[in-house]
Amino acid sequence: MMQMANAQSVTYTGEAAVANVNVLGVVNASIEDTGPLPANGGSLSTELLSANVPNILNLNLLSASTNGENNQVNSSASVTQVRLSAAGVLVTASVLTSNATAACSPSVTGNSTIAGLTVNGIAVKVTGAPNQTIPLLVGSLVINEQISSVSNTPTSTSADMLVNALHLRVAGIADVAISSSHAAVACTLSLGPPPE
């Protein structure tokens, strides 16, 4: 009697961007974006010395990468010397990085590094906890934003993780995410025929 081994097919999804900026619908830009990872995996990366959106955003030493192989996706983004000004809110940081990993097991992990963060000139204590939210008069600033989902059935698993080091939202005016990493996998187990 012959038993076929179980085979697994994996669809990889990954993307990383140093900044996604939408201000008043006038400025709508993705800065140093790897673009989406091919469904069969691979590796994408991008680097830039500096970037500037006049009157809104200054960034230095930008890098972003995403990689999908061996039933896992890893994405990361990093930037230094950040200055963001939108809707009367001034945010500065010396370092912002994010990492996101999704695996077929299924599992997700993610984290951010935030150093030297100030809002309107006042230093902010970063707790390291996911989704630390600083309320603002006009909106909110989320630090180490993490949005994840995991599902597991007998024949398939999926895992999805999005990490934004900083996410400034001012309703109707500004939506800016800095150091954004997304990783996801969809894994299907194809069972061989039953034993004879």
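A brief structural summary. This one's a predicted model, so the numbers in the text were calculated from it and none came from an experiment.

1. Considerations on the state of the cysteines
Part 1: One pass over the structure, following the stated rule, counts 1 disulfide.
Part 2: Residue C104 pairs covalently with C187 via a disulfide, S to S 1.9 Å. Between C104 and C187 the disulfide shows an S-S torsion of about -80°. By sign, it is left-handed. Highlighted residues: C104 in the loop between β6 (89-103) and β7 (107-115) and C187 in strand β13 (residues 174-190), separated in sequence by 83 residues.

2. Some thoughts on unusual backbone geometry
Part 1: Between S105 and P106 the backbone carries a cis peptide bond, its omega angle lying at -10°.
Part 2: For P106, the position within the fold is in the loop between β6 and β7.
Part 3: One non-glycine residue, A87, adopts positive backbone phi at about 55°.
Part 4: By secondary structure assignment, the location of A87 is in the loop between β5 (72-86) and β6.
Part 5: Exposure remark for A87: the relative accessible area of 33% places this residue in the partly exposed category.
Part 6: Non-glycine residue S179 carries a positive phi angle of around 55°.
Part 7: By the secondary structure assignment, S179 is in strand β13.

3. Side note on the nonpolar core
Part 1: Of all hydrophobic cores here, the largest spans 37 residues; its most connected members are I31, L57, L59 and L96.
Part 2: Residues contacting L59, with those up to four places away along its chain left out, are V18, A19, I31, L49, S50, A51, V79, T80, Q81 and V82.
Part 3: One finds A100, C104, A159 and V163 within the second-largest nonpolar core, a separate group that totals 13 residues.

4. Structural notes on the pairing of β6
Part 1: In this structure, β5 lies alongside β6, joined through 14 bridges in antiparallel fashion. Residue L84 lies in a different strand from β6, and its bridge partner there is V91.
Part 2: Here β5 hands over to β6 after 2 residues, with A87 in that stretch at a positive phi of 55°.
Part 3: Bridge analysis of β6 against strand β8 (residues 118-119) gives 2 bridges, and the strand direction is antiparallel. Bridging across to β8, V91 finds its partner in V119.
Part 4: As paired elements, β6 and β7 share 9 bridges and run antiparallel to each other. Counterpart to L96 in the pairing with β7 is I114.
Part 5: Counted between consecutive antiparallel strands, the loop separating β6 from β7 contains 3 residues.

Criteria and cut-off values
- Position labels on residues start from 1 in each chain and follow its written sequence.
- Under the rules for a predicted model, residues below a pLDDT of 70 receive no local features and side-chain atom pairs below 80 are neither given nor counted, while totals for whole chains, interfaces and linings still include all residues.
- To get the side-chain values, take all heavy atoms of the structure and skip hydrogens and water.
- A pair of cysteine sulfur atoms is labelled a disulfide when the two atoms are within 2.5 Å.
- By the criteria applied, helices consist of DSSP H or I runs no shorter than four residues and strands consist of E runs no shorter than two, each listed in order from the N terminus.
- To sort residues, take the accessible area from a 1.4 Å probe on protein chains only and compare it with the maximum for the residue type: under 20% means buried, over 50% means exposed, and anything in between is partly exposed.
- In these notes, a set of buried Ala, Val, Leu, Ile, Met, Phe, Trp, Tyr and Cys residues joined through side-chain atoms within 4.5 Å is what counts as a nonpolar core.
- Contact between two residues is taken to exist if any of their heavy atoms lie within 4.5 Å; hydrogens are not considered.
- Strand pairing is assigned whenever DSSP identifies at least 2 bridges connecting the two strands.

Function cannot be read off these values alone, since they describe shape.
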